[in-house]
Amino acid sequence: MSLIEIQNLSHHYGGRQALDIESLEIEGGRITALLGPNGSGKTTLLMLIGQLLPVQQGNLLVRGKDMAKAPAAVREELRRGTGFLLQTPYLFKASVERNVAYGLRVRGQDRKLIPARTEEALNEVGLEGFGDRPHWALSGGEAQRVALARALVTNPRTLFLDEPMANVDTVSRAVIERVLVDRNRSDGLTVVMTTHDMDQAYRLADHAVTLQGGRIALSSMENVFHGRIYRSAESWVFDTGRLALAIPSGHQQARTAAVPPEVILVSRDLSQTSALNTLKGKVTGIRERNGSVDVAVEVGETMTARVTDESYRRMGLGLGEEVYLIFKAEAVRLY
């Protein structure tokens, strides 16, 4: 069962509609990134699924419980199993130790165990020995790591983060990313985070949801590459060092390229085509989906094309066979 299920969910601020989502499911035990520009609705969506905003219209189920109808006691129980980290951390006017230990104290944790658990949480975020420091003596990145330790010390099942690394230093960003991945992999912690950083989403997330104007836009986590852009005689090129892709102009500062699997044509022969990207390679993987088949092809980098069941049966593809991947330069998305 999905952790979060949404049907026809909308939210308004005054007369302005901020969110209008027809359908969305978020699975437990995964890292999900909510992407989109300012005003796209991603923070509103995070606040709704994190139960910091009430449901105005539509259905929002968390662990099978309808949040618009669930008793207050049920909602409170679900909230106690979650942690929340905002873009700008709010710390109490107290020591680092008292900030981190707050959740343990309000939950009635045995006071003899609190110091050890607090220190363990600080060690996890790379702040060993910071317990006695006052809140005002921390840098922005250190404050965010203290807030993360406070969120994790109670061992939540789900962690919601709103642009958690937007204003932190490089060292703190690396620590926070490591902690999120480690907790997810070791404890099955569900992570749902908003971010502007496409590269970060592709580094960390198992699934990405892109919002535009409060609605879900197409997003793909396959065929994501990092590289550089240069101008060739025929077109602009995105080069990973092992694969060169023809791309549209106007993206010279981009460092990440993504090619949706659905736009790639798989062919045994290089027929006449106007597409600038015609890549020859060998099939290295075949995975059947519901109504389609993912075909992985080694073309310098491994690329995945998504074909219909009918096309797959008609071509009779097998591992090790040579094929062409064909797609237009305009199909390449650049970030």
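Residues numbered from 1 in each chain as written. Predicted model: local features only at pLDDT ≥ 70, side-chain atom pairs only at ≥ 80, totals over all residues. Heavy atoms only, no water.

**Here we look at the overall build of the protein chain**
For step 1, the next point in the chain: Scanning the protein chain for helices and strands turns up eight helices and 21 strands.
For step 2, the next point in the chain: Considering only C-alpha atoms, the protein chain reaches an extent of 75 × 45 × 40 Å along its principal axes.
For step 3, the next point in the chain: When burial is assessed residue by residue, the protein chain has 49% of its 335 residues classed as buried.
For step 4, the next point in the chain: Contacts spanning at least 24 positions in sequence make up 67% of the contacts within the protein chain whose residues lie at least 6 apart.
For step 5, the next point in the chain: Side chains of the protein chain carry 40 positive and 39 negative charges; the gap between the two charge centres is 5 Å. (Helix = DSSP H or I, 4+ residues; strand = E, 2+ residues; numbered from the N terminus. Buried < 20%, exposed > 50% of the residue type's maximum accessible area, 1.4 Å probe, protein only. Contact = heavy atoms within 4.5 Å. Lys, Arg positive; Asp, Glu negative; His and termini not counted. Charge placed at Lys NZ, Arg CZ, Asp CG, Glu CD.)

**Focus: unusual backbone geometry**
For step 1, the next point in the chain: With phi around 65°, Gln 51 is a residue other than glycine that occupies positive phi space.
For step 2, the next point in the chain: Among the secondary structure elements, Gln 51 is positioned in the loop between helix H1 (42-49) and strand E4 (57-62).
For step 3, the next point in the chain: A positive phi is found at Arg 63, a non-glycine position, where the angle reads about 50°.
For step 4, the next point in the chain: Assessed through its relative accessible area of 27%, Arg 63 is described here as partly exposed.

**Focus: the sheet that holds strand E7 (residues 158-162)**
The pairing of strands in a sheet happens through backbone hydrogen bonds and is either parallel or antiparallel.
For step 1, the next point in the chain: Spatially, six strands are ordered E6-E7-E8-E3-E9-E10 in an open sheet, and the strand pairing comes out mixed. At either end of the open sheet lies a strand with only one pairing partner, and these are strand E6 (82-85) and strand E10 (215-217). Mean inter-strand twist for the sheet, computed between neighbouring axes without regard to direction, equals 25°.
For step 2, the next point in the chain: Where E7 and strand E8 (residues 190-195) come together, five bridges link them in parallel fashion. Pairing of Thr 158 across the sheet is with Thr 190, part of E8. (Pairing = 2+ DSSP bridges. Axes fitted to C-alpha atoms, helices over the stretch in contact; angles between N-to-C directions.)

**A word on the pairing of strand E19 (residues 302-308)**
For step 1, the next point in the chain: Here E19 lies mainly inside the structure; five of its seven residues are buried.
For step 2, the next point in the chain: Across seven bridges, the pairing between strand E18 (residues 292-298) and E19 is antiparallel. By the bridge assignment for E19, Ser 292 is matched with Thr 308.
For step 3, the next point in the chain: Once E18 ends, the chain turns through three residues before running back antiparallel as E19, passing Gly 300 with a positive phi of about 105°.

**Considering the sheet that holds E18**
For step 1, the next point in the chain: The strand order across the open sheet built from five strands is E16-E20-E17-E18-E19, with neighbouring strands paired in antiparallel fashion. Edge strands, defined here as strands with exactly one partner in the open sheet, are strand E16 (265-267) and E19. Strand-to-strand twist of the sheet, defined as the mean angle between neighbouring strand axes without regard to direction, takes the value 45°.
For step 2, the next point in the chain: In this structure, strand E17 (residues 277-288) lies alongside strand E20 (residues 322-327), joined through six bridges in antiparallel fashion. In the strand pairing of E20, Asn 277 is matched with Phe 327.

**Side note on the packing of aromatic side chains**
For step 1, the next point in the chain: With the rule as written, the count across this model stands at three aromatic pairs.
For step 2, the next point in the chain: Judged by centre distance (4.9 Å) and plane angle (55°), the ring pair of Phe 92 and Tyr 102 falls under tilted. With Phe 92 in the loop between E6 and helix H3 (96-106) and Tyr 102 in helix H3, this pair connects stretches of sequence that are ten residues apart.
For step 3, the next point in the chain: A residue is classified by how much of its surface remains accessible, and Phe 92, at 27% relative accessible area, is partly exposed.
For step 4, the next point in the chain: The exposure class of Tyr 102 is partly exposed, given its relative accessible area of 42%.
For step 5, the next point in the chain: Put simply, the rings of Tyr 90, Phe 92 and Tyr 102 touch in pairs and so form one group of aromatic residues.
For step 6, the next point in the chain: Stacked on the ring of Phe 130, the Lys or Arg Arg 133 has its end atom at 3.8 Å from the ring centre.
For step 7, the next point in the chain: Above the ring of Phe 92, the side-chain terminus of Arg 150 is found at 5.1 Å from the ring centroid. (Phe/Tyr/Trp six-rings, centres within 6.5 Å; stacked < 30°, edge-to-face > 60°. Lys NZ or Arg CZ within 6 Å of the ring centre and 35° of its normal.)

**Section: the environment of Asp 309**
For step 1, the next point in the chain: Considering the arrangement of structural elements, one finds Asp 309 in helix H8 (residues 309-315).
For step 2, the next point in the chain: When the C-alpha positions of Asp 309 and Asn 155 are compared, they lie 43 Å apart, and in sequence the two are 154 residues distant.
For step 3, the next point in the chain: Beyond its immediate stretch of four places on either side in the chain, Asp 309 contacts Gly 291, Ser 292 and Val 293.

**Thoughts on the environment of Thr 170**
For step 1, the next point in the chain: By the secondary structure assignment, Thr 170 is in helix H6 (residues 170-187).
For step 2, the next point in the chain: The exposed category is assigned to Thr 170, whose relative accessible area is 60%.
For step 3, the next point in the chain: For the pair Thr 170 and Leu 270, spaced 100 residues apart in sequence, the C-alpha separation works out to 46 Å.

**Description of the packing of helix H5 (residues 140-152) against H6**
Geometry of a packed helix pair, given as the angle between the helix axes and the separation of the axes.
For step 1, the next point in the chain: For the pair H5 and H6, interaxial distance at closest approach is 9 Å and the crossing angle is 15°. Comparing their axes, H6 and H5 come out roughly parallel. Two packed elements cross with a definite hand, and for H5 against H6 that hand is left-handed. Mapping the contact onto sequence places Gly 141, Glu 142, Gln 144, Arg 145, Leu 148 and Leu 152 in H5 and Ser 172, Val 175, Ile 176, Val 179, Leu 180 and Arg 183 in H6.
For step 2, the next point in the chain: Per-class residue counts for the contact of H5 with H6 are six nonpolar, three polar and three charged. (Parallel < 35°, antiparallel > 145°, perpendicular 65-115°, else oblique. Left-handed = near helix turned anticlockwise from the far one by under 90°. Nonpolar A, V, L, I, M, F, W, Y, C, P; charged D, E, K, R; others polar.)

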